[in-house]
Structures are given as structure tokens and as C-alpha cells.
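Summary of the model geometry
If you want the building blocks of each chain, they are given just below.
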Number of protein chains: 2
Amino acid sequence: MLQVPQEESSRVRRQPAAAPLRIGLLGLGTVGAGTWQVLERNRQHILARSGRPMQIVAVAVRDLARAARIVGSAVQLTDDPWEVANHPAIDVVVEAMGGTTLARVLVLQAINQGKHVVTTNKALLAEHGAEIFAAAEARGVIVAYEAAVAVSIPIIKALREGLVANRIEWVAGIINGTSNFILSEMQDKGIGFAAALQDAQARGFAEADPRLDVDGIDAAHKISLLAANAFGTAIPFGQVHAEGIAGLEAVDLQYAEQMGYRIKLLGVATRGGSGLEVRVHPALVPVDHMLAAVQGSMNAVMVKGDASGTTLYYGAGAGSEPTASAVIADLVDVARTADCASTQRVPCLAFQSHAMRALPVVPIAVTTSAWYLRMGSDASPQAERAILRTLLRCGLQARIHGRYTQPDRSVHHVVLTQTVPHAALQQALAQLALLPMRTGKTQAIRLERLE
Amino acid sequence: MLQVPQEESSRVRRQPAAAPLRIGLLGLGTVGAGTWQVLERNRQHILARSGRPMQIVAVAVRDLARAARIVGSAVQLTDDPWEVANHPAIDVVVEAMGGTTLARVLVLQAINQGKHVVTTNKALLAEHGAEIFAAAEARGVIVAYEAAVAVSIPIIKALREGLVANRIEWVAGIINGTSNFILSEMQDKGIGFAAALQDAQARGFAEADPRLDVDGIDAAHKISLLAANAFGTAIPFGQVHAEGIAGLEAVDLQYAEQMGYRIKLLGVATRGGSGLEVRVHPALVPVDHMLAAVQGSMNAVMVKGDASGTTLYYGAGAGSEPTASAVIADLVDVARTADCASTQRVPCLAFQSHAMRALPVVPIAVTTSAWYLRMGSDASPQAERAILRTLLRCGLQARIHGRYTQPDRSVHHVVLTQTVPHAALQQALAQLALLPMRTGKTQAIRLERLE
């Protein structure tokens, strides 16, 4: 018989004494409270795996009364985050407060005080990672951030450790759960973006202010971190191209499906002869591709290594306990390597700092891509010829994949192009806008085969 | 401009001197040669990540001439594996020779000599892991085996480190590429098992003697290792239930597809109130499940943690360089932690050895499952009533999901049962065999929802 209480007690009895890892929490919101909860519930189980107790010593929060209801009286509560950053009896600070201003100075202060840092803050690392990682190296402390990308999925560990033998060719993924939930709703219910967004907000999958998610900024933060780990270079966040999903219409998802594709918001980081491409945008993905099977608020990241081939990592992209799972994994790594030489630790960005180098990020204007184009016209027979002639004139070899007559008698012409320079696509869009029989704006969405 | 040679040279110049990790290879077959090749090709890249050079000092092979053509003269070649196991100038032995007899004594000898061990040998660890891991702990050395399960996928690292915060509820996966390739062929081409096996052998996806793969033994080796890491217990290999795919027919894959399922060979390890279930068998999986999307020779493992929820790991399940990718990841972990205290390393089976415990593996005869049943009968109208009456008498609430008349006028009746005790299913099969209008043997395949 397996009975958890027995199991726990037997594990407790046989634990040797080990100095606990003393933890300070900045923030007790969804992430902080989840971390507390999982550490409490699985305390003995985690100890049985890590061999070192975890002890939350102090928690900084805005609402002391609410926090007291969660953590009780065993823990020092303060509404002054500097008390945690400077706390003499804390080994590691978990930054779960969000934001990039106060969080930045608090993290730098904790590092300066010789404390290790675990953060879930992708915006902070995408915008100030270079400064923070440099400070950590100078001070000989760890900055861990597994929860910053695709929370429950150990993708940072996979990139830095599991795939260490590989030259990474590309990383691509569905790394914003809100957008994927909205796209899945649009796909399954045939509803528009606005309705799907309302649905997502009602069901707690989207913030009241959803712009960070639906405009691709959150995904851009994450892909810049993945790219840095994949290619051993700091990515200036300003050079990451970000497009969101607000411009997508239900018909585009339907037309794509009829051609054997699904539309997903992808983060893509790839290395080519002229440098790196780091971009976030909606894309058509073949329906039999693993990424096309990722539904709802789930996340998945695919990595192509020269030795491993393609591997994929899938799981929850948000949520209190999935995030806590990653935070605690980082805490256990800190507990194991806190007393090791830095050469015995995994570097912050996968590569030894002296081997990091500046790789150029190529502007989106000089990239190439295949495209899905949806053009509207009146019902005149010459419309289609005019469209094809225009595309051809701009160097886009294309054929019509679908013709869809609309309730207002206008026609949607759907085209898939071969891979073309971004400039040629822009020129074609400008030319199409001048066609007299045109109705509405041309919809252009990238097509990614990810092979 | 990004030019690899520049990049390499710049990284070399800036490398500080570090004592190389001295490696001995047992075997230079697919795995050994792939490891050599990737270490050579990505030498500077791996150094830029790990900070410590890798040096293959000696290689033991049967065919010295062939080996010399691969590794040249820079490496000591021997046809005596004991020379590698006992080599005074080797820090870590990579066992890539296979088999469980000579490999076992060589690995134990290397451990006894204070050498770390990296092995790809799932059979060795499934059958002799307890002895090997105990010897390693007593001697304070590492035994790493990422390549032993779903080679290119860092699933052992994910289970032991990435999901360390979680109580694992179940692990399930497609962990035999040969069987999945054969099932994909049967599905896509509508051909039988024998034809698909020939195809797999012709294309190098199956051994001349495919029994280890198609009988589920290889998958059983792997699921026993996954179960041990998930639940912190040694799994006596004799207690792992293994069924293969040789008994499957193309019609079953077709009927399943028509009901919204694919048939996959799954390894499943799950913990329940009465103990662990560790089993390998074909199963129907809902077609929209991520595991149903795993085609050809690819592998995928899904893990359900109490905090993380379900996560999935996908990649190549075999191949020279995908295996090398995992072997080298283990070598880098050894390079980083060789000089650490054992408390600073990840335990061999995820849990501190004093916290490991014997959990009972429940016999397959006392498990419960839902089932797909295909029963053949003559065309008589009372056949279906007799079948349903028989099932009901044995406690199987079931309804006919499909009726398929065969060229010989006989009829296939297809049923999905609810979850029933294994004994009830066995009784039903015995009773069905007695029906006078029966034609052929009843096909019974488990149904797994993996939610």
C-alpha cells in the first residue's frame, strides 16, 4: 500500500540535517502565492529530491493583511521591498512583482548584496538583462529565470543544458497563451478577434489591458530570451520585430484551414548568413505540424539543433502553480550550485560570458518569407487577372488558391506566394492598393513551414 | 556579417585554460561514432558553452582498422575494453557497446576505478540499474543516461530537474520509434503489420531482428527508467507489463480513426492508491491529443505533475547524432559537477537515495482500463444481440460503435467499453470465444485518454 502520510514521514525521518536555502519573496500575487503554496504542499517531496530544505524567510507585499491570511505568522511580512533585497538572512530573492523600474533596482540591489535571484519577469530581462547578468557575474551570484518563458516548460534548461552539444539553427514557438487561446476560439467558433478577446477576458485568459499579449510584446520579450540562449548573444530588445493578432479576421483562419494550415502567433529566432532574425508575428503553419496541434492557452517551443534535429517542448504557458513549478526548479538549482565555483554553474545565457558575442539582428525589411495574401475585389472578371499581373510585376510568382464570394457580392482572392524579399511584398501591397476594382485592405500573413 | 570561422577563432582566443574532461569510449558504432563526430564538429561551440574542453583519450572497438579510419591517430585505440575501463588517464567512460553482460561488468569496473559513466544502454539500467547506481553512490561517481530514453529529448533532465517541484502523477509516451514508424505506415497506407515491418527494415527504421522493438521490450526498458525517476523507486523489470504491436491489423487502425482515435504503442507509468502501474501496450489515443500527432519514428513523452500540469517533450527517438546530442549533454553535466560534492549533484534516480523507497507495482491482472473490442461474427441478425448480452453478463456496459461487413460476408462489430476491471475483460473474451456465430478472434486494445 502506498499512503502519502507514511511516505512523507518515512522520508522526513531519514532526512539528514542540511542548512536550508533561505528565500525572500518580492510579491505574493499569483506567482508568489503559488510558489508559497507548492513549497508548503510538496515540502517533504521536494526535500526528498533536492536534499536541501527551502525556507521562505521574508515576503514583501503591498497588502500585509491579505498576505498574513496566506502565509500566516511564521514568515516576516513587510511592505518595504528593500527589506527583502537587503535582508541579511536571505540567500536568494524571488522577484515576482513584475514591472521593469522598481524590479530592476531591487534585483540589482539583491545581487549587489550577494544574493542569488530567481525571477519570472521576462520584460525585465528582455530590456535590462545585459546589465543584470553582468552584475550577477561580477558578484558571483546566479540569476535564474525558467519561469520567464513558457512557465511550466523547462525550455531554458533544455536550451542551456539538454541541447548543449548543438549549434541551434532556429527556435520557434507559441509563447503567448492569451493569443493562442484567442486564435483557437476564432478557429473553433468562427468568431472575430473582438468577440474572442471578450471571451478570453471573461474566462480569465486575458488581462483587462490585453495589449502586451495581443500586440506580440510579451512574446517578443520571450523570444529575445530564447534567442540569446540559443545563439550566445545579447538581443537588443528594440531590434525584435513584433506584430500581434488584432488585425486577423475569422475568414483568414477559415481560408487557411481549407488549404491545410492553422494560423498561430509565433515567436521565431533563426540564424542565417547575414545574422539573426528575431520576430513575432501571426503565421500559417501546416495543420499536421506539431505546433498546429497546440490549442487554447497552451504553449510550445520547437528547437532545431544540428545534432538533435527538431525537438519540441509543450505545456501550460501561464498559471499560478505551473509558474511556481518553474520558480522552484530554479530554487533547487540555486540550492545545489550556490556553493559551487561559477565554472561549475550553467552560464546565465548558456554561453561562457567571454564567449558571448554581438551578432547582428537583421531588420525585418531585408528578410524573406512566403506569404498568404487575401485580396478583395468587385465581382468583375478582370479583377483576378489584374491581381495576378500586379503580383507578377512585383516578382511574386503566385496562383489563386481560393475565390470566395462575399454577402456583398465582392470576392476574396486567396494567394500563397513562394519565398520573396520583404521589399517585394511591400511593393506588391502598395500596387494592389491602387487597383480600381479593389475592395478593402489586402490581408498579408507569413507562412512558416518550420522544417 | 556572421561567419562561423571568425566566431570560432574569437571564442578560442578568449578561452581560458581549463583541464580537459578525459573521455574513454566503449564502442564506436552508431552512437560512439556520432559522439566522436559531433564533439569534433562542434568542439569550439561546446567549449564556448561548457567552459571545459572534452578530450577523447581512448576508444575500445572490435574492428581497429575501421576505427582508425574514423578517429585517426590522435586517439589510443584498443580491442580490449578493460583497457578503457581501467585507464588511469580517463575521467569518464561512455558505454556505447550495448548488451547487459560484458557492459555490466565493464561499467561496474569503471565505477570501481572511480570513473564517471555515461551510458546509452536502457536494457543495462532497466535490468541492473539498482546494482550500478548503488556502486556509483558508494564510489561517489556519476552515472548519467539521458540518451537511454528518447535519445535527443532531454526527458531525464526534465523529470529530475525541470519538474523537481512536482509530485508526478503519470508519465506516458511514444518511446519506441520503430513501432511508431510501423503504426504510422499501417495508418497512412492501410497496409498490414508484416508489410509495414518490411518497409521499416528496408528504410533502416527496424533491426533485422525487430523483436525488442515490436514486442514492446525496448519501450518497457525505457518506461521503467522513466517510472523510477518519476516516483523515486526502483522498478523490478520483471514487473513491467509489455505487449507489442505484432497482433494489430490495419482494420483496427481504420476503425479507430473513424471513431476519432489513433493507435499508438504507449509506455505508461502511473501512481494510484494501491501502487504503481508500469506497462507497455498499444492503445487508442484521441486524435486531437498531442501524442496522436507524433508520426513516423519520432518519440514523445508526456508528464503530468501536480503543479506543472501536463508537459510534453518531443523529438527523434533514435539516430547517431540525436543520440550523441544526449551523450554530450551528459558529458557536460559530468564536466561541471565532477568536482562537486554528491549533495550538489542531481541524484541518479531523481530522489536522494535515502528517500528512495520500494513502491509496489500492481499486477496487470488487477488494473482497470477502457477497451476497444473488435468481434467477428456471421451475418446472422442475432449475432449483435448475443455479443452485447455476453458483454453485459460480464459487467461491460457497451454499445456497438461500428458494424463492418467483410468481403467474406462476415461482420466486424466494434465496441468501446467504459473503464472495467481487467478480470471482467478477460472473462468477456473467454465468453465471446464460445459464441457459435463468432468468426475469428476478438481484438482487444486499451483506450487511454491521458488527461
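About the criteria used
Residues numbered from 1 in each chain as written. Chains lettered and ligands numbered in written order. Predicted model: local features only at pLDDT ≥ 70, side-chain atom pairs only at ≥ 80, totals over all residues. Heavy atoms only, no water. Helix = DSSP H or I, 4+ residues; strand = E, 2+ residues; numbered from the N terminus. Rg over C-alpha atoms; globule rule 2.2 N^0.38 Å. Buried < 20%, exposed > 50% of the residue type's maximum accessible area, 1.4 Å probe, protein only. Contact = heavy atoms within 4.5 Å. Areas by Shrake-Rupley, 256 points an atom, 1.4 Å probe, with all protein chains shown as cover. Domains from an automatic or database assignment. Pairing = 2+ DSSP bridges. Least-squares fit on C-alpha atoms with pLDDT ≥ 70 in both. Buried area = accessible area lost by both parts, 1.4 Å probe. Salt bridge = Lys/Arg side-chain N within 4 Å of Asp/Glu carboxyl O. Phe/Tyr/Trp six-rings, centres within 6.5 Å; stacked < 30°, edge-to-face > 60°. Axes fitted to C-alpha atoms, helices over the stretch in contact; angles between N-to-C directions. Disulfide = S-S within 2.5 Å. Core = buried A, V, L, I, M, F, W, Y, C linked by side-chain atoms within 4.5 Å. pLDDT = per-residue confidence, 0-100. Arc of directions from axis to C-beta. Right-handed = clockwise from strand over helix to strand, strands pointing away.

Notes on the overall build of chain A
Counting its secondary structure elements, chain A contains 16 helices and 17 strands. For 451 residues, the compact-globule estimate of 2.2 N^0.38 gives 22 Å, and the C-alpha radius of gyration of chain A, at 25 Å, lies within 12% of that figure. Counting only C-alpha atoms, chain A reaches 80 × 45 × 45 Å along its principal axes. Put simply, chain A has 451 residues, and 63% of those count as buried. Contacts in chain A between residues at least 24 apart in sequence constitute 73% of all its contacts with a sequence separation of at least 6. With the model as given, the accessible surface of chain A reaches about 16,200 Å², and the carbon-plus-sulfur share is 53%.

A few points about the domain arrangement of chain A
Annotation of chain A at the domain level lists domain 1 (17–151 + 322–355), domain 2 (156–317) and domain 3 (366–447). A separation of 51 Å is found between the C-alpha centroids of domain 1 of chain A and domain 3 of chain A.

Notes on the sheet that holds strand 5 (residues 116–119) of chain A
Residues and elements named next belong to chain A. As summarised here, the arrangement of the 6 strands in space is 3-2-1-4-5-6, forming an open sheet in which the pairing is parallel. One side of each edge strand has no neighbouring strand; the edge strands of this open sheet are strand 3 (76–78) and strand 6 (143–144). Two elements, strand 1 (residues 21–26) and strand 4 (residues 92–95), share 4 bridges in a ladder whose sense is parallel. What sits directly across from Leu 25, in strand 4, is Val 94.

Structural notes on the pairing of strand 7 (residues 168–174) of chain B
Residues and elements named next belong to chain B. The buried fraction of strand 7 amounts to 6 of the 7 residues, a majority that puts the element mostly inside the structure. Relative to strand 11 (residues 298–305), strand 7 runs antiparallel, the two sharing 6 bridges. Note that in strand 11 the partner of Trp 170 across the bridge is Lys 304.

Some details on the relation of the copies chain A and chain B
Placing chain A over chain B gives an RMSD of 0.0 Å and needs a rotation angle of 180 degrees, together with 0.0 Å of translation along the axis. Read as a symmetry element, the transformation amounts to a two-fold axis. Taking the C-alpha atom as reference, chain A places Tyr 313 of chain A closest to the rotation axis, 2.4 Å from it. The overlap is high: 99% of the interface residues of chain A also sit at the interface in chain B, so the same surface is used on both sides.

Quick look at the interface of chain A and chain B
Between chain A and chain B, the contact holds 82 residues from the first and 81 residues from the second. For the pair chain A and chain B, the two sides together bury roughly 6,600 Å², of which 51% comes from carbon and sulfur. Inspection of the region where chain A meets chain B yields 4 salt bridges. Between Glu 161 of chain A and Lys 157 of chain B there is a salt bridge, with the nearest N and O atoms lying 2.7 Å from each other.

Looking at the packing of aromatic side chains
Working definition: an aromatic ring pair is given by the centre-to-centre distance plus the angle between the planes. This model, assessed by the stated rule, comprises 7 aromatic pairs over all chains. When the ring of Tyr 313 of chain A is compared with that of Tyr 313 of chain B, the centres are 6.4 Å apart and the planes differ by 75 degrees; the resulting orientation is edge-to-face. With Tyr 313 of chain A in strand 12 (residues 309–316) and Tyr 313 of chain B in strand 12 (residues 309–316), this residue pair bridges two chains. With a centroid separation of 3.8 Å and an interplanar angle of 10 degrees, the aromatic rings of Tyr 255 of chain B and Tyr 404 of chain B are classed as stacked. Of this pair, Tyr 255 of chain B sits in helix 13 (residues 250–258) while Tyr 404 of chain B is found in strand 14 (residues 398–405), placing the two residues 149 residues apart along the sequence. You'll find Tyr 255 of chain B and Tyr 404 of chain B in the same group, each marked buried.

Concerning the pattern of salt bridges
Residue and element names in this part refer to chain B. One pass over the structure, following the stated rule, counts 44 salt bridges over all chains. Among the salt bridges present, the one from Arg 203 reaches Glu 185, with a minimum N-O distance of 3.9 Å. A residue pair is termed long-range when its members are at least 10 positions apart, and Arg 203 in the loop between helix 10 (193–202) and helix 11 (211–214) and Glu 185 in helix 9 (residues 177–189) qualify at 18 residues. Assessed through its relative accessible area of 47%, Arg 203 is described here as partly exposed. Glu 185 gets classed as buried once you look at its relative accessible area, which sits at 8%. Between Asp 199 and Lys 189 there is a salt bridge whose closest N-O contact spans 3.0 Å. In this pair, Asp 199 sits in helix 10 while Lys 189 sits in helix 9, placing the two residues 10 residues apart along the sequence. For Asp 199, a relative accessible area of 17% translates into the label buried.

Let's talk about the sheet that holds strand 2 (residues 54–60) of chain B
Residue and element names in this part refer to chain B. Pairing in this open sheet of 6 strands is parallel, and the strands run 3-2-1-4-5-6 from one edge to the other. Edge positions in the sheet fall to strand 3 (76–78) and strand 6 (143–144), since each has one partner strand and no second. Set on the sheet, helix 14 (residues 320–337) makes contact with strand 1 (21–26), strand 2, strand 4 (92–95), strand 5 (116–119) and strand 6; between it and strand 5 the angle comes to about 165 degrees.

So, the state of the cysteines
Applying the stated rule across the entire model yields 0 disulfides over all chains. Of all cysteine sulfurs, the one in Cys 340 of chain A lies closest to Cys 348 of chain A, which takes part in no disulfide; the gap is 15 Å.

A short note on the nonpolar core
Among the nonpolar cores identified, the biggest contains 181 residues, and Ile 155, Leu 226 and Leu 284 of chain A together with Ile 155, Leu 226 and Leu 284 of chain B are the most heavily contacted of them. Look past the residues within four positions of Leu 226 of chain B in its chain and what remains in contact with it is Val 149, Ile 155, Ile 156, Leu 159, Val 171, Ile 175 and Val 301 of chain B.

What about the confidence of the model for chain A?
Chain-level statistics for chain A give a pLDDT mean of 94 and a share of 96% at 70 or above. Our summary of model confidence lists the complex with pTM equal to 0.95 and ipTM equal to 0.94.

Notes on helix 10 of chain B
Residues and elements named next belong to chain B. Residues Phe 193, Ala 196, Leu 197, Asp 199 and Ala 200 constitute the buried set of helix 10. Along the long axis of helix 10, the arc covered by the buried residues comes to 160 degrees, so they all point the same way. Residues of helix 10 that are exposed and point more than 90 degrees away from the buried face comprise Ala 194, Gln 198 and Ala 202. Along its buried surface, helix 10 packs onto helix 9 and helix 11.

Concerning the pairing of strand 5 of chain A
Residues and elements named next belong to chain A. Of the two faces of strand 5, the one lined by His 116 and Val 118 and the one lined by Val 117 and Thr 119 are each fully buried. Sheet analysis places strand 4 next to strand 5, joined by 4 bridges and oriented parallel. Note that in strand 5 the partner of Val 93 across the bridge is Val 117. In this region the chain leaves strand 4, passes through helix 6 (residues 102–112) and returns to the parallel neighbour strand 5; the handedness of that crossover is right-handed. Pairing geometry for strand 5 and strand 6, over 2 bridges, is parallel. Paired with Val 117 across the strands is Val 143, a residue of strand 6. Taken together, strand 5, helix 7 (residues 122–139) and strand 6 constitute a β-α-β crossover, and its handedness is right-handed.

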